[in-house]
Amino acid sequence: MSRLTLSSPLSGWSAPLDEAPDAVFAQKMLGDGVLIDPTGNQLVAPCDGEVVSIAASHHAIAVRATNGAEILLHVGIDTVALAGKGFELHVAPGAKVCKGDRLLTFDLALLAREATSLVTPVIVTNGDRFEIVRAHTDCELMAGDALLEIQPLAGADAKQATAEAERVSEKIRVDHEHGIHARPAALIANYAKALPFDLEVIANGRSANPRSAVALMSLGIRGGDEIIVAASGAEGAAAIAEVRRLIHGLEGPGPAKAKHAEIRPIAAASAPTDPSRIKGVIASRGLAIGTAFYLREAEIAVVEAGAGVAHESAELERARGEVRQRLQALAKEAAATAREIITAHLEFVDDWELVAAARRSIAHGKSAAFSWRRAVRDSADALKALGDPRIAERVDDLLDLERQVLVALLGQTPTTQIEIPDRAVILAEDLKPSQFVSLDARKLAGICLAAGGPTSHVSILAAAVGVPTLVAAGPAVLGIEDGTALILDTEQGVLRVAPDQGELASAERTIAARRQRQSAERSAAQNLCRTADGKRIEVFANLGSLGEATHAVAQGAEGCGLLRTEFLFLEREQAPDEREQLRRYQEIADALAGRPLIIRTLDIGGDKPIPYLPLPAEENPALGLRGIRTSLWQPDLLRVQLRALLQVQPAGQCRVLLPMITDVAEVRIVRKLIDEIRRELGITTTLQVGAMIETPASAAIADQIAREVDFFSIGTNDLTQYTLAMDRGHADLAARIDALHPAVLRLIAMTAEAGARHNRLVAMCGGLASDPAAVPVLLGLGLTELSVVPSMIPQLKHLIGHLTLDACRPLAQRALAQESAEAVRSLLAETSNELKVAL
Ligand code: PEP
Ligand code: MG
């Protein structure tokens, strides 16, 4: 390697990089370089070399010079938002170019109109190997004039020669719809952190060390992008292969998407024509009356100067340690949704790049608080600049974490509660998850945010606890005065400002009627459930955590009909051992205080990937390794799980449920394994074994399967997707993927008949069981156990208590004869009042 002169890729005025109107460039987060304020519209190669990457939106090109220096040419600021408009490429990735070759032509006038700025950073991105020894700045240059002189850093030559000789890289296509956003970035960072050497990910003309989830996210990798993953040596090749597996195994729409579907916007935010009716996007449904309370959070003041590098470094470690410990403790108790959010915060608190940036600033004499804030804000700005709404939503999490660490650093007690007035409708630009959990739930009527998204963590948390929430309602929200009366109608997606007496009275009546009904239902929910004509129907809860078990018992759950064990270990990188599994199952069994606990064996694959068991890349994961197939593919995992659940005390409280059964052989293999383990452990009590009926195949041969199992549990979420051939997470098909479709009902009927013929209990744990409209049909078809969302238990028990099987049976037959799900729903709506008997 030798000294190299880079020529100007553009005609224009050159200026120092720190004058860039964007902190990401000005603070040299991507490397050192200069700016060109272009007067021409041609971008040419600054040296001989190879085009190593081109941003999907064509605004940035990276060239690797023959001496190994990597030069990023980024035309304008915020030009990613133009999505390629105004750019014409003349080269492709991999092209060999000579100094002065045309790379790109752009529409100067359009960029001047639509981009934040035209200034074009020219950056040496591998500053660990090269330094700029001369820069021609503050002068007018023509394309091709000398711009930068760069030379290798001392010692970098030899090191690089070895590294380059051993360097391996692979192009990987990211097929995951949402690209590499927070969760996948965290997954890859977790893996990269454990390696004794560095990996490099190159995308969109930039490169990042994937040890840092934040750095990875800031590459803005979208679904369909091709990225390069590079490392050195044979171990490097194996690590790249692992990253490929992680990327190919990324979550599909999955549970996260299902959650999003529940809170999918029904009304896009629009400029309000009537200032007393502000429209927004629905994040959590409901109706609330309250008074406006604008949530302002005072910025924590920090002192810039540090009290010595050693002291400030130790302080930062201490504060991060405190936050980490608190988050770990919270994660243990949290329900699945909240745990996901806490896990993201945990990942950020140890983010390699954030911590390194803060340490660099401390080394320059700044305080730990100042350095942490600056590191977080720079990363947040870089993420916001990507213009990707999913990633922009994660910026809230970063800023939230900034505050948590500052609170620990400054010795303040973390906010446990934010004071709000009674019946407060919280108005804010946006909310952080920690602010949400600090709001006094007893006083909180609803939330209306000017910004935010329906998939943000705050929206998910609000939906999980049923707080009516509207997001993306626009700046009009911020103009409402504190104390103004409000009706927040998140069934319709409207905030009514200063409603008149008539509107208030009518909303009051609706809310009062709902409350009365709910409280009566809750107090009766501890009784065992029977129909009005005396048939015992078990109402169980679907669970995914210990916290949910406790809540479910309070709601009147008579047992757990489905413990989704994969949710207990979602965040794990290593498979939980027998002891840990036994401990987690036993805790839940204890929380259920003797009530039955149906534990489903791991249902991994498809829309539920799990970090500790990367699956081979599959063309169509929903039709690949899933449920029992995955367990039989990895029988050791299944054995450990069965050993754990067989030891839960008291014996007999637990039953086992097998997911995605398609034939009797699968059941027989598992039964044989259970018998073997019982012998090994000297267990004499039998374990009841059930099959999930969630494939059309298992419904069709339910009579055969019935001979092999003790009970059935129908999983309508999968049964519907496989029967209708519609992805259960497909947002555009969401309205059509209805489990009340007669085809699905007929499969349920076949299963119920087979169960009855063989005297097997037939339960349902799929989402249809939680739908009050469907319950009369399910009872009419012969189901005797419903396992449902815990918060629905009181309402469903109340409903069942007012139904008779005599009325439900003919109704079920009529439903089976309908021609569409809509026709079934109309029939149920028409007959719902006649069905119920007064008690
Ligand atoms: C189902 O498919 O209905 C079911 C209960 O299983 P899961 O939703 O966990 O796939
Ligand atoms: Mg299922």
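Cut-offs and rules
- Residues numbered from 1 in each chain as written.
- Chains lettered and ligands numbered in written order.
- Predicted model: local features only at pLDDT ≥ 70, side-chain atom pairs only at ≥ 80, totals over all residues.
- Heavy atoms only, no water.
- Pairing = 2+ DSSP bridges.
- Helix = DSSP H or I, 4+ residues; strand = E, 2+ residues; numbered from the N terminus.
- Axes fitted to C-alpha atoms, helices over the stretch in contact; angles between N-to-C directions.
- Contact = heavy atoms within 4.5 Å.
- Disulfide = S-S within 2.5 Å.
- Buried < 20%, exposed > 50% of the residue type's maximum accessible area, 1.4 Å probe, protein only.
- Donors = N, O, S within 2.8 Å, 3.2 Å for Na, K, Ca; no water.
- Parallel < 35°, antiparallel > 145°, perpendicular 65-115°, else oblique.
- Left-handed = near helix turned anticlockwise from the far one by under 90°.
- Nonpolar A, V, L, I, M, F, W, Y, C, P; charged D, E, K, R; others polar.
- pLDDT = per-residue confidence, 0-100.
- Salt bridge = Lys/Arg side-chain N within 4 Å of Asp/Glu carboxyl O.

Chemist: Break down the sheet that holds strand β18 (residues 226–232) for me, citing the residues and quoting the values.
Modeler: In spatial order, the strands read β15-β18-β16-β17; together these four strands make up an open sheet with antiparallel pairing. Looking at the sheet topology across the chains shown, the edges are occupied by β15 (167–173) and β17 (206–208). Geometrically, the sheet is characterised by an average inter-axis angle of 25 degrees between neighbouring strands, direction not taken into account. Strand direction decides the pairing type here: strand β16 (residues 200–203) and β18, joined by three bridges, are antiparallel. Paired with E200 across the bridge in β18 is A230. Lying on the sheet, helix α6 (residues 233–248) is in contact with β15 and β18; it crosses β15 at an angle near 10 degrees.

Chemist: Requested: an account of the state of the cysteines, with residues and values cited.
Modeler: One pass over the full model with this rule turns up zero disulfides. Between C654, a free cysteine, and C560, which holds the nearest cysteine sulfur, the sulfur-to-sulfur gap is 9.2 Å. Cysteine C765 remains unbridged, with the sulfur of C560 as its closest cysteine sulfur at 9.4 Å. What makes C765 buried here is its relative accessible area of 2%.

Chemist: Describe the coordination of the magnesium ion (ligand 2), naming the residues involved and giving the relevant values.
Modeler: Donor atoms from the polypeptide that bind the magnesium ion (ligand 2) are E694 (OE) and D718 (OD), placed at 2.0 to 2.1 Å. On the criterion of sequence distance, the pair formed by E694 in the loop between β31 (689–693) and α22 (696–700) and D718 in helix α24 (residues 716–724) is long-range, its members being 24 residues apart. Overall, E694 belongs to the buried group, its relative accessible area being 2%.

Chemist: Go over the packing of helix α28 (residues 805–816) against helix α29 (residues 821–835), please, and point to the residues and values.
Modeler: The geometry of α28 relative to α29 is characterised by a closest axis approach of 11 Å and an angle of 165 degrees between their N-to-C directions. Classified by the angle between their axes, α28 and α29 sit roughly antiparallel to one another. Handedness of the α28/α29 crossing: right-handed. When α28 is examined against α29, the residues A807, C808, L811, R814 and A815 are found in contact with a partner set consisting of V824, L827, L828, T831 and L835. Residue classes in the contact of α28 with α29 are distributed as eight nonpolar, one polar and one charged.

Chemist: How would you summarise the confidence of the model for the protein chain if you had to cite specific residues and measurements?
Modeler: Summarising the model, the protein chain shows a mean pLDDT of 86, and 88% of its residues fall at 70 or more. Confidence drops under pLDDT 50 across residues 251–272; counting only partners more than four residues distant or on other chains, this segment forms 50 contacts.

Chemist: Go over the sheet that holds strand β1 (residues 4–7), please, and point to the residues and values.
Modeler: Working definition: the strands of a sheet are paired by backbone hydrogen bonds and lie parallel or antiparallel to each other. The strand order β1-β14-β12 describes an open sheet built from three strands, whose pairing is antiparallel. Strand pairing shows two members of the sheet lacking a second neighbour, β1 and β12 (130–135), which therefore form its edges. Put simply, the sheet's adjacent strands are angled 30 degrees from each other on average, direction ignored. As defined by bridge partners, β1 adjoins strand β14 (residues 146–152) across four bridges and the pair is classed as antiparallel. Bridge pairing in β14 links T5 to E149.

Chemist: Explain the pattern of salt bridges to me, and be specific about the residues and the numbers.
Modeler: Going through the model one piece at a time under the given rule, you end up with 43 salt bridges. Note that R245 is salt-bridged to E242, the shortest N-O span being 2.6 Å. Here the residue R245 and the residue E242 both occupy positions in helix α6, the gap between them amounting to three residues, near one helical turn. Residue classification places R245 among the partly exposed positions, given a relative accessible area of 35%. For E242, a relative accessible area of 16% translates into the label buried. Note that R639 is salt-bridged to E680, the shortest N-O span being 2.8 Å. Residue R639 is found in helix α20 (residues 635–646), and its partner E680 is found in helix α21 (residues 664–681); the two are separated by 41 residues along the sequence. According to the relative accessible area criterion, R639 is partly exposed, its value standing at 22%. Through salt bridges that share partners, E317, R320, R324, D350 and R359 make up one connected network.

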